[in-house]
Amino acid sequence: MEEIKKKHIAILGSTGSIGTQALEVIQANPDRFQVEVLTAQNNCDLLIEQAVTFKPNAVVIGNENHYDKVFDALDRLDIKVYAGENALSSVVQMDSIDLVLTALVGYAGLRPTIKAIESGKPIALANKETLVVAGELITALAEEYGVNIYPVDSEHSAIFQCLVGEFHNPIEKIILTASGGPFRGKDTNFLKTVTKEQALKHPNWDMGAKITIDSASLMNKGLEVIEAKWLFNLKQEQIEVIVHPQSIIHSIVQFEDGSMKAQMGLPDMKLPIQFAMTYPERIKTDFPRFDFLNYPALTFEQADTKTFRNLALAYEALKQGGNMACILNAANEVAVEKFLKDEISFLGMSDVVEACMQKVSFVKKPTYEDYVFTDEETRKIAFEHII
Ligand SMILES: NC(=O)C1=CN([C@@H]2O[C@H](COP(=O)(O)OP(=O)(O)OC[C@H]3O[C@@H](n4cnc5c(N)ncnc54)[C@H](OP(=O)(O)O)[C@@H]3O)[C@@H](O)[C@H]2O)C=CC1
Ligand SMILES: CC(=O)[C@@H](O)[C@H](O)COP(=O)(O)O
Ligand SMILES: [Mn+2]
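Keep in mind it's a predicted model, so treat the numbers as computed, not measured.

(A) Local environment of the site of ligand 1. Surveying the vicinity of ligand 1 reveals 24 residues, the closest of which are Thr15, Ser17, Asn42, Asn43 and Glu129. Measuring from an oxygen atom of ligand 1, one finds a side-chain N or O atom of threonine 15 at 2.6 Å. Taking glycine 16, its main chain carries an N or O atom lying 3.2 Å from an oxygen atom of ligand 1. In the complex, 83% of the free accessible area of ligand 1, which totals 900 Å², lies under the protein chains. Secondary structure elements with two or more residues in the shell around ligand 1: α1 (17-28) and α6 (128-144). Each residue belonging to the shell around ligand 1 can be placed in one class, and the counts come to 11 nonpolar, 10 polar and 3 charged.

Following this line, the structure appears as structure tokens:
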């Protein structure tokens, strides 16, 4: 039997929700994958445990204060240990890496993703913020370096799966499904006093804190609209959102003949993670299967963008173009962090985003340096707005 060449994977953010599920996929398929790099920001205990199990070539701990502890645990196993933000951007360039999974959260994903693309590494992209901040730059770079970006986000993986075999057929529109989050159907009066504990209870998905808050505020769907624009080269008018509380249909493509294709299954991120790592192949899994009889009703509703203003703000950022989505993202990252510390209210998050979109300098054709400056300026203005 022909031996399959193992794919050597770098996981940026291996200690998070996506990172740990990616490791489960790898553990179930040891003949196909080898872990090359693991990274974490603060969780050095889990990073060490993962490194002992998966024996990567190198690890990066973002917070340099943890370097000694990680080094002491892993050096004797012949695992290279690096620390700090710059190390992330260096490590992705290692010759031995075949695929970089960007499973870290937030703006921090941008620079390592650029460096990975410039080194010709295919990207399995979970870190949607990278495309929200700098979609134009990233897609241009990917084209220049001939690098594929495989979506991990469940909706975008669904679209991608619907497009397999259809890449020559123009898309009329796509429909991204949204669960509606824990506050679906609630009004502004109710939302005034909701707590982070309530917002962190997603009805269908178990995810990291930042994306869970984004789902509750519908910012996640706004970020996904922007992510879809860049991944699939669409106009804003071609991207719709529909609320589908069961999260079984993960998204839909409509072609120019009117035919619609949808991808469905139980809400489980291991499938999109695995598909991004094995494309174009599908490999056998023992993930639980969807049964129609357990879901007699799959339902759909209009998204309430008057109450959940973030989705409308994201469409507005997309319409304005330039660095506006970078402003939206940075303001939202500050707002979510402050909400998680009980320093602003749930509805206050949209106020911060809106204020930053009005106040931060607009740049029509941003360079990488402009994005860096915009991110910094927005964070300052967001903090001033909150104080
Ligand atoms: N979770 C999900 O189901 C889905 C997630 N996504 C996207 O995937 C990305 C990851 O999400 P998720 O796994 O939920 O997030 P988590 O918060 O669970 O994990 C984040 C990971 O990134 C690391 N990290 C945090 N901050 C930094 C930083 N500043 N620099 C470098 N690394 C950092 C964390 O390390 P440490 O543990 O040490 O803090 C952790 O490994 C996000 O962009 C999210 O939007 C998309 C679709 C679904
Ligand atoms: C699993 C995944 O892809 C998340 O982005 C999920 O879609 C969040 O659910 P919402 O639809 O509530 O934003
Ligand atoms: Mn998603």
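(B) Representation of the coordination of the manganese ion (ligand 3) within the structure. Bound to the manganese ion (ligand 3) are the protein donor atoms Asp153 (OD), Glu155 (OE) and Glu224 (OE), situated 2.0 to 2.2 Å from the metal. With relative accessibility at 7%, the residue glutamate 155 sits in the buried group. Relative accessible area serves as the criterion here: at 1%, glutamate 224 is assigned to the buried category.

(C) Spatial organisation of the UniProt feature "domain: 1-deoxy-D-xylulose 5-phosphate reductoisomerase C-terminal" (unreviewed entry) in the protein. This chain's UniProt record puts "domain: 1-deoxy-D-xylulose 5-phosphate reductoisomerase C-terminal" (unreviewed entry) on residues 149-232. End C-alpha atoms of residues 149-232 are separated by 11 Å, and the span's content is 49% helix alongside 13% strand.

Thresholds applied
Residues numbered from 1 in each chain as written. Chains lettered and ligands numbered in written order. Predicted model: local features only at pLDDT ≥ 70, side-chain atom pairs only at ≥ 80, totals over all residues. Heavy atoms only, no water. Near = heavy atom within 4 Å. Polar contact = N/O pair within 3.5 Å; in protein donor to acceptor, adjacent residues only side chain to side chain. Areas by Shrake-Rupley, 256 points an atom, 1.4 Å probe, with all protein chains shown as cover. Helix = DSSP H or I, 4+ residues; strand = E, 2+ residues; numbered from the N terminus. Nonpolar A, V, L, I, M, F, W, Y, C, P; charged D, E, K, R; others polar. Donors = N, O, S within 2.8 Å, 3.2 Å for Na, K, Ca; no water. Buried < 20%, exposed > 50% of the residue type's maximum accessible area, 1.4 Å probe, protein only. UniProt positions renumbered as here; feature names shortened; annotations may be inferred.

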